[in-house]
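Structural overview
Here is what each chain is made of, one letter per residue.
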Amino acid sequence: MATFNGAKYIREQVDSILSQLGVDDELIVSDDGSTDGTLDILRAFHDARIKFFNGPQCGLTYNFENAIKQASGDYLFLSDQDDLWEPNKVERMVEALQDADLAVHDAWICDQHAESTGVSLYDMCAPHKGFFPTLYHTTYIGCCTAFKKRILKKLLPFPPHIVMHDYWIGQMADLYYQTTYISDKLIRYRRHGDNQSALTTGKSPLNLYQKLRYRWWIFYYVLKRCRQ
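Residues numbered from 1 in each chain as written. Predicted model: local features only at pLDDT ≥ 70, side-chain atom pairs only at ≥ 80, totals over all residues. Heavy atoms only, no water.

**Focus on the overall build of the protein chain**
The criterion, for reference: Secondary structure follows DSSP: runs of H or I at least 4 residues long count as helices, runs of E at least 2 residues long count as strands, and numbering of each begins at the N terminus. For this measure, only C-alpha atoms enter the radius of gyration; the expected value for a globule follows 2.2 Å times N^0.38, where N is the number of residues. Remark: exposure states derive from per-residue accessible area (1.4 Å probe, protein chains only) relative to the maximum for the residue type, with buried under 20%, exposed over 50%, and partly exposed in between. The criterion used for residue contact is that any of the two residues' heavy atoms lie within 4.5 Å. Only the protein chains shown count as covering a residue, and every accessible area follows the Shrake-Rupley method with a 1.4 Å probe. The sign given to each residue is positive for Lys and Arg and negative for Asp and Glu; His and the chain ends receive no count. Think of each charge as sitting on NZ of Lys, CZ of Arg, CG of Asp or CD of Glu.
A tally of regular secondary structure across the protein chain gives 10 helices and nine strands. Computed over C-alpha atoms, the radius of gyration of the protein chain comes to 17 Å, within 12% of the 17 Å expected from 2.2 N^0.38 for 228 residues, which places it in the range of a compact globule. For the protein chain, the spread of C-alpha atoms along the three principal axes comes to 45 × 35 × 35 Å. Per-residue burial over the protein chain gives 51% buried out of 228 residues. Considering only contacts within the protein chain whose residues lie at least 6 apart along the sequence, 75% involve residues at least 24 apart. Entry remark: accessible area of the protein chain is about 11300 Å², with carbon and sulfur atoms responsible for 53%. For the protein chain, the distance from the average position of its 25 positive side-chain charges to the average position of its 28 negative side-chain charges is 9 Å.

Written out as structure tokens, the structure reads:
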């Protein structure tokens, strides 16, 4: 979990995660300098499975990279700080990962109170695979993603010029590993005024030049990793 000033919703999210973890599991928190009590809320759980690390303070993408680097488990789940996990998420995703290296699930689009709008992520953005379709338009959504630790050989370190971590992870996994989409809606994807994703705003913050440049860098670094 990458955190930054997430105090408003993080207690509910962590409750929904910890209830599914075993005694030997861990919740890695990379915090990028929160000033709103986020870490105080997390420490109040008094749960040894929550492990804290200082983030790099250079944006969401590299905060997630820092969290991923600290993980020791065989299965890694990416988590936002403001959603809610459905009770069967861990079980269902581990099951999906028996036949794949990376798995993505559907999610309910919810309001700020985590009440479903009746629309899912897959309704808004039908999943697809394939290197070039994914390069054109990724459907790998970080908070819906879990993967095996073995793919870190290709993923890390994150290269420069990467705008979003899930774009990079999905593109690498799609080219070098086995990926799968499942139809289960396993989180409540909370949308509120502070969200940054294009799924919330309805459009990308990047102009055409930035989009082309970003895809070029993705293409370049993905192919460069083939030597590893």
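**Brief notes about the pattern of salt bridges**
Put simply, the rule reads: Just to be clear on terms, a salt bridge is a Lys or Arg side-chain nitrogen sitting within 4 Å of an Asp or Glu carboxyl oxygen.
Overall, the coordinates contain 10 salt bridges when judged by the stated rule. With its nearest N and O atoms 3.7 Å apart, the salt bridge here joins K69 to E65. Placement of both K69 and E65 in helix α3 (residues 60-70) is noted, with a separation of four residues, approximately one turn of the helix. The class for K69 is partly exposed, based on a relative accessible area of 47%. We note a salt bridge from D184 to R92, for which the minimum N-O separation is 3.1 Å. A residue pair is termed long-range when its members are at least 10 positions apart, and D184 in strand β9 (residues 179-190) and R92 in helix α4 (residues 89-96) qualify at 92 residues. Within this structure, R92, E95 and D184 form a network of salt bridges that share partners.

**So, the sheet that holds strand β2 (residues 27-31)**
Strand pairing in a sheet relies on backbone hydrogen bonds, with the paired strands running either antiparallel or parallel. Just so we agree on the cut-off: In this analysis, strands are considered paired if DSSP registers two or more bridges between them.
An order of β1-β2-β3 is seen for the three strands of this open sheet, with the pairing classed as parallel. Looking along the sheet, the strands with just one partner apiece sit at the ends: β1 (2-3) and β3 (50-54). Pairing between β1 and β2: two bridges, direction parallel. Directly across from A2, in β2, lies its bridge partner S30.

**Overview of the nonpolar core**
Cut-off, in case you're wondering: Side-chain atoms within 4.5 Å are what join buried Ala, Val, Leu, Ile, Met, Phe, Trp, Tyr and Cys residues into a set we call a nonpolar core.
By size, the foremost hydrophobic cluster in this structure holds 57 residues, and its most contacted members are L27, I68, F147, L155, W168 and I169. Those residues in contact with F147 that lie beyond four places of it in its chain are I68, D74, Y75, L76, L78, L97, D101, L102, L152, L155 and I169. Membership of the second largest hydrophobic core comes to seven residues, among which are M93, A96, I182 and L186.

**A short note on the packing of helix α8 (residues 165-176) against helix α10 (residues 208-224)**
Short version of the rule: Note on geometry: axes are lines fitted to C-alpha atoms, helical ones only across the stretch in contact, with angles between N-to-C directions running from 0 to 180 degrees. Put simply, angles under 35 degrees are roughly parallel, angles over 145 are roughly antiparallel, angles from 65 to 115 are roughly perpendicular, and the rest are oblique. Take the far helix as the reference: if the near one is turned anticlockwise from it by less than a right angle, the crossing is left-handed, and if turned clockwise, right-handed.
Here α8 crosses α10 at 45°, and the two axes come no closer than 10 Å. In terms of orientation, α8 lies oblique with respect to α10. As α8 packs across α10, the resulting crossing turns out to be right-handed. Contact residues: α8 offers Y167, W168, Q171, M172, L175 and Y176, while α10 offers Y214, R215, I218, Y221, V222 and L223.

**Concerning the packing of aromatic side chains**
Convention followed: Two aromatic rings from Phe, Tyr or Trp, using only the six-membered ring of Trp, form a pair when their centres are within 6.5 Å; if the ring planes differ by under 30 degrees the pair is stacked, by over 60 it is edge-to-face, and anything between is tilted.
By the definition in use, this model includes 13 aromatic pairs. Look at W216 and Y220: their rings are 6.0 Å apart centre to centre, the planes differ by 35°, and that puts the pair in the tilted class. Placement of the pair is W216 and Y220 together in helix α10, with a separation of four residues, close to one helical turn. By relative accessible area, which is 34% here, Y220 ends up partly exposed. With a centroid separation of 5.8 Å and 85° between ring planes, the pair formed by W217 and Y220 is classed as edge-to-face. With a gap of three residues between them, W217 and Y220 both fall in helix α10, about one helical turn apart.

**Things to note about the side chain of R225**
The residue R225 is located in the segment after α10 in this model. Despite its burial, R225 remains without a salt bridge, the nearest opposite charge being carried by E65 at 7.0 Å. Once residues lying within four places of it in the same chain are set aside, the contact partners of R225 are K154, L155, L156, P157, F158, P159, W168, M172 and Y176.

Purely spatial values, then, with no claim about function.
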